[in-house]
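Chain and residue survey
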Amino acid sequence: MENRENRVLYVRLPCNPIFPIGVVYLSDHVHKLFPDVEQRIFDLGAVPPLDFAKALDASIDEFKPTLLVFSWRDIQIYAPVGGRGGNPLQNAFEFYYAKNLLIKFRGALGGLRLAASYYTELWRNLGLIKRGLKRARKYRPEARAVVGGGAVSVFYEQLGRSLPTGTVVSVGEGEALLEKLIKGEDLAEERCYVVGETVPRERLIHEKPANIEKTACNYNYIETIWPEFSYYLQDMDFYVGVQTKRGCPHNCCYCIYTVIEGKQVRINPADEVVAEMRQLYDRGIRNFWFTDAQFIPARKFISDAVELLQKIIAAGMDDIHWAAYIRADNLTPELCDLMVKTGMNYFEIGITSGSQELVRKMRMGYNLRVVLENCRDLKAAGYNDVVSVNYSFNVIDETFETIRQTIAYHRELERIFGVDKVEPAIFFIGLQPHTILEEYAFKKDILQPGYDPMSLMPWTARKLLWNPEPLGSFFGQICLEAWQRNSNDFGREVMAILEEKLGCADLEEALSAPVEVKDKQLASVN
């Protein structure tokens, strides 16, 4: 029986000002099932850092929750762009690879600042959770805390050691879990565990999420429970998140999405997605980010994307822009035409490598030749905006020849879209727990089971920032030179320097991937 006294406070822990779609969707779902339950969203992403504790206290004092749901989005240890106190990747590479002692020392200082900031944020967020629960229990002794979100789903085993006893640690999606908490039902079958009472099941993160069909978020209701909502409406350049599906069917060796969201792709009905967009549109929003792991995860979902874009046109929203992560191997001429007509003005493709051989070894399921053909179709349809292409060098079995192939592939993308429109984003894979790459690292004795994936100690961090020898030092020097030459256009500088040093392969070499019997590295990892 539903407890009519439930009062749910969603606390989005501090992070970059990204639209907090997780807590918005959770509170919307709960309201549809339990319209009498009082809810409030409190977004620390819209609060100045010096006011975090005071603002949290005030929110709890006013609302007096019985259930605090903390959303923890980021524990982003490695990133290719500016972050905590500087550029984490640059700090690491200066420390590990610089030959000039002054630059090495600068990297060490930057790394120390990064580590201090990282651990400070970690302890601060844990402190906010403890503070919030303690304060809520002044008013409601039975108050409980749930902690979930992207960061928690990745590091759920490690974080549980630092959270208050009785905290429910949620992995993946939280709708079904909150339903049971509000009803007072047993949580044993949910993707969660209770700190100090139960332990996480083996491979908990790999369990299938609940199959819940999502309806359009009711923003009329959300406005009444979220005082900071207007913060995201002030700047009309802001992209507001809308989800069209959950799940990713692929096996990319380094990716955690397919683990957290599950392999079953669950499509949100197009009419519901458009109805949700329309509510935001009527509030002045013109920029939308489709927050799916992949907007078109496989060819079987092309018709769903076509239906959605056709209904956006039919709804009369003809002055919007949108962006998304897209598997460009799944485009069709019809879809390309609709993308341009509906205002797509930015998209990201994470091909990781321009060598078909390496794409296959990483289990990415891409045909790079098809990607190029589809990009030509997109250009022919009239696409003249930016495409960000994510490359992760020094992946499994990288060689100078596969680097040359990646350069050839990138130059062909530039020929299609224009040099100024193709932004190469250079990533070095941050090894994540629960991925195929982690199992590969165990098998190769790069990591030992029981390591701490949240550690920033240099001996651990160097392994988690995937840039192994024999090419690790080579890439380190390339990146250091690129930062020195033009840190504001790092990706293009990396590609230019690599081409200067190694040359460029014939495009056909990049698109060919002869199968060799010895190519078993990842195929044997379960």
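Residues numbered from 1 in each chain as written. Predicted model: local features only at pLDDT ≥ 70, side-chain atom pairs only at ≥ 80, totals over all residues. Heavy atoms only, no water.

1. A few points about the confidence of the model for the protein chain
When pLDDT drops low, the exact placement of atoms in the prediction is not to be read closely. For the protein chain, the average pLDDT comes to 88, and 94% of its residues sit at 70 or higher. The low-confidence segment residues 79–85, where pLDDT is below 50, has 19 contacts with residues more than four positions distant or belonging to other chains. (pLDDT = per-residue confidence, 0-100. Contact = heavy atoms within 4.5 Å.)

2. A few points about a nonpolar patch on the surface
A cluster of nonpolar side chains, F105, L109 and L112, forms an exposed patch at the surface whose accessible area comes to about 320 Å². With respect to the helices, strands and loops of the structure, L109 is situated in helix α4 (residues 101–139). Of the residues examined, L109 reaches a relative accessible area of 37% and is grouped as partly exposed. (Patch = residues over 30% accessible without salt bridge, like charges linked within 9 Å, V, L, I, M, F, W, Y side chains within 5 Å. Areas by Shrake-Rupley, 256 points an atom, 1.4 Å probe, with all protein chains shown as cover. Salt bridge = Lys/Arg side-chain N within 4 Å of Asp/Glu carboxyl O. Helix = DSSP H or I, 4+ residues; strand = E, 2+ residues; numbered from the N terminus. Buried < 20%, exposed > 50% of the residue type's maximum accessible area, 1.4 Å probe, protein only.)

3. A closer look at the pattern of salt bridges
Following the criterion strictly, the structure yields 37 salt bridges and no others. Where R140 meets E5, a salt bridge forms, and the shortest distance between an N and an O atom there is 3.8 Å. One end of the pair, R140, is in the loop between α4 and β4 (144–148); the other, E5, is in the segment before β1 (7–12), and 135 residues separate them in sequence. Residue classification places R140 among the buried residues on the basis of a relative accessible area of 17%. Three or more residues joined by partner-sharing salt bridges are found here, namely E481, R485, E493, E500 and K501.

4. Here we look at the environment of N91
Mapped onto the fold, N91 is located in helix α3 (residues 88–97). Classification of N91 by relative accessible area gives buried; the value is 9%. The sequence separation of N91 and L335 amounts to 244 residues, and the corresponding C-alpha distance is 42 Å. The residues touching N91, leaving out its near neighbours within four places in the chain, are G107, G110, G111 and L114.

5. Some details on the pairing of strand β11 (residues 321–325)
The pairing of strand β10 (residues 287–290) with β11 spans four bridges and is parallel. Pairing of W289 across the sheet is with A323, part of β11. Between the parallel pair β10 and β11, the chain is carried across by helix α11 (residues 302–314), and the sense of this crossover is right-handed. Tracing the backbone out of β11, into helix α12 (residues 333–341) and back to the parallel element strand β12 (residues 344–352) gives a crossover that is right-handed. (Pairing = 2+ DSSP bridges. Right-handed = clockwise from strand over helix to strand, strands pointing away.)

6. Points about the sheet that holds β12
Here we have six strands laid out as an open sheet, ordered β7-β10-β11-β12-β13-β14, and parallel in their pairing. Two strands in the sheet have a free side with no partner beyond their single neighbour: β7 (240–242) and β14 (422–427). The mean angle between the axes of side-by-side strands here comes to 20°, regardless of whether they run parallel or antiparallel. Where β11 lies against β12, four bridges are found, and the strand directions are parallel. When the bridges of β12 are listed, A323 appears paired with Y346. Strands in contact with helix α19 (residues 490–502) are β13 (386–392) and β14; relative to β14, the strand with the most contacts, it is inclined by about 85°. (Axes fitted to C-alpha atoms, helices over the stretch in contact; angles between N-to-C directions.)

7. Points about unusual backbone geometry
For the bond from E469 to P470, the omega torsion is 15°, close enough to zero to count as cis. By secondary structure assignment, the location of P470 is in the loop between α17 (458–464) and α18 (472–486). Even without a glycine there, the phi angle at D397 is positive, about 65°. With respect to the helices and strands, the residue D397 is situated in the loop between β13 and α15 (400–417). Despite not being glycine, H434 shows a phi value in the positive range, around 70°. With respect to the helices and strands, the residue H434 is situated in the loop between β14 and α16 (436–443). Look at H434 and you get buried, because its relative accessible area is 12%.

8. Describing the packing of α15 against α19
The geometry of α15 relative to α19 is characterised by a closest axis approach of 10 Å and an angle of 125° between their N-to-C directions. One finds that α15 runs oblique with respect to α19. The way α15 lies across α19 gives a crossing that is left-handed. Contact with α15, carried on its side by F400, I403, R404, T406, I407, H410 and R411, involves M495, A496, L498, E499 and L502 of α19 and no other residues of that element. Of the residues that constitute the contact of α15 with α19, the class distribution is seven nonpolar, two polar and three charged. (Parallel < 35°, antiparallel > 145°, perpendicular 65-115°, else oblique. Left-handed = near helix turned anticlockwise from the far one by under 90°. Nonpolar A, V, L, I, M, F, W, Y, C, P; charged D, E, K, R; others polar.)

9. Here's the deal with α3
The element α3 is largely enclosed, with a buried count of nine among its ten residues. Regarding α3, the residues found buried are P88, L89, Q90, N91, A92, F93, E94, Y96 and Y97.

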